[in-house]
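Chain by chain, the residues:
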Amino acid sequence: MLSVRGLKKVYQTDGGPIEAVRNLTFDLRPGELACLVGPSGSGKTTLLKCISGLMAPTEGEVLLNGVKVSGPPKKMAVVFQEYGRSLFPWMRVRENVELPLKNQGMPKAQRDKLVDEALEAVGLDHVPMSYPWQLSGGMQQRVAIARAVAYQPEVLLMDEPFAAVDAQTRADLEDLIRTVWRKLGVTVLFVTHDIDESVYLGERVIILSSSPTVIQEDLVIDLPDERDQLNTRSLPRFTELRHHVYEQIQLAKAGHRPAAAAH
Ligand SMILES: Nc1ncnc2c1ncn2[C@@H]1O[C@H](COP(=O)(O)OP(=O)(O)OP(=O)(O)O)[C@@H](O)[C@H]1O
């Protein structure tokens, strides 16, 4: 479905070139939910920008269903951390969710149906006529998720989407993502700096090294598919996995690189 091949990104700056990402190769299966973690500055945002076609890689390529990404692909949606800046304050909740569908030229009856379903899926069907600024932070992020869901993407990229919400809301939103993911069968790449969140959410966690970035480890999360904030997080296996990811990130921070990528 999504294939990242030999991706390298060098930024040209006044102070000289900065090699942010050295060599990243991985594939996401259709319908997979993968989390991406790594130390601060390890190139997570750079990678997402290349995948979403907002920025061209220096070397390598991103393929979506075998087709090279060279601009924002139609079948992809992105949810960013800063929900406050991603919603239009002068548009009502419903209009915000509807906008990308309108831009596609979709007929009104079909738009209405998708918007209703998306708002219901995120538990916001009671506030369609509110403005974003009348809602709490967590609710605003739900609007951004509803907008992505209504768009019916094949791939959903999320860049630390819950970093700015409180812990309780965050837990609710994590469960919402798993529910929506299972219901829609969408392929999700979820960037987070929260180790517990990556293990709780993912079927797989891709751990990045520090910059210039390579893959430190690609880890299968062998927890039961039915996840629950209390029970899953209390499993001994959950603790083992979070320990493992934590250790790998500490190693990455200390400059350790996987043997195959040491050059
Ligand atoms: N526009 C740019 N120009 C020059 N260097 C950049 C630019 N954007 C990012 N970098 C550098 O590339 C590297 C990776 O940055 P990036 O923002 O992708 O990392 P990140 O993993 O998303 O970081 P964080 O977790 O702190 O958000 C860093 O060394 C950063 O300084």
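This structure is a prediction, so every number in the text was calculated from the model and none was measured.

Analysis parameters
- Residues numbered from 1 in each chain as written.
- Predicted model: local features only at pLDDT ≥ 70, side-chain atom pairs only at ≥ 80, totals over all residues.
- Helix = DSSP H or I, 4+ residues; strand = E, 2+ residues; numbered from the N terminus.
- Expected span 1.5 Å × (residues − 1).
- Contact = placed C-beta atoms within 7 Å.
- UniProt positions renumbered as here; feature names shortened; annotations may be inferred.
- Near = placed C-beta within 6 Å.
- Nonpolar A, V, L, I, M, F, W, Y, C, P; charged D, E, K, R; others polar.

### Considering helix α4 (residues 108–121)
- In a regular helix each residue adds 1.5 Å, so 14 residues correspond to 20 Å; α4 covers 20 Å between its end C-alpha atoms and thus fits that length.
- Check the buried side of α4 and you find it contacts α3 (93–103) and α5 (137–150).
- Positive backbone phi, approximately 70°, marks glycine 123, located one or two places after α4.

### Some remarks on the UniProt feature "domain: ABC transporter" (unreviewed entry) in the protein
- UniProt marks residues 2–235 with the feature "domain: ABC transporter" (unreviewed entry), using the numbering shown here.
- Each end of residues 2–235 is marked by a C-alpha atom, and these two atoms are 31 Å apart; helix forms 35% of the span and strand 28%.

### Description of the site of the ligand
- Near the ligand you find 14 residues, and of these Tyr11, Ala20, Lys44, Thr45 and Thr46 are the closest.
- Among the elements of the structure, β1 (2–13), β2 (16–28) and α1 (44–51) are those that each provide at least two residues to the shell around the ligand.
- In terms of residues, the shell around the ligand owes the most to one element, α1, which gives three residues.
- Here the residues of the shell around the ligand sort into three nonpolar, ten polar and one charged.

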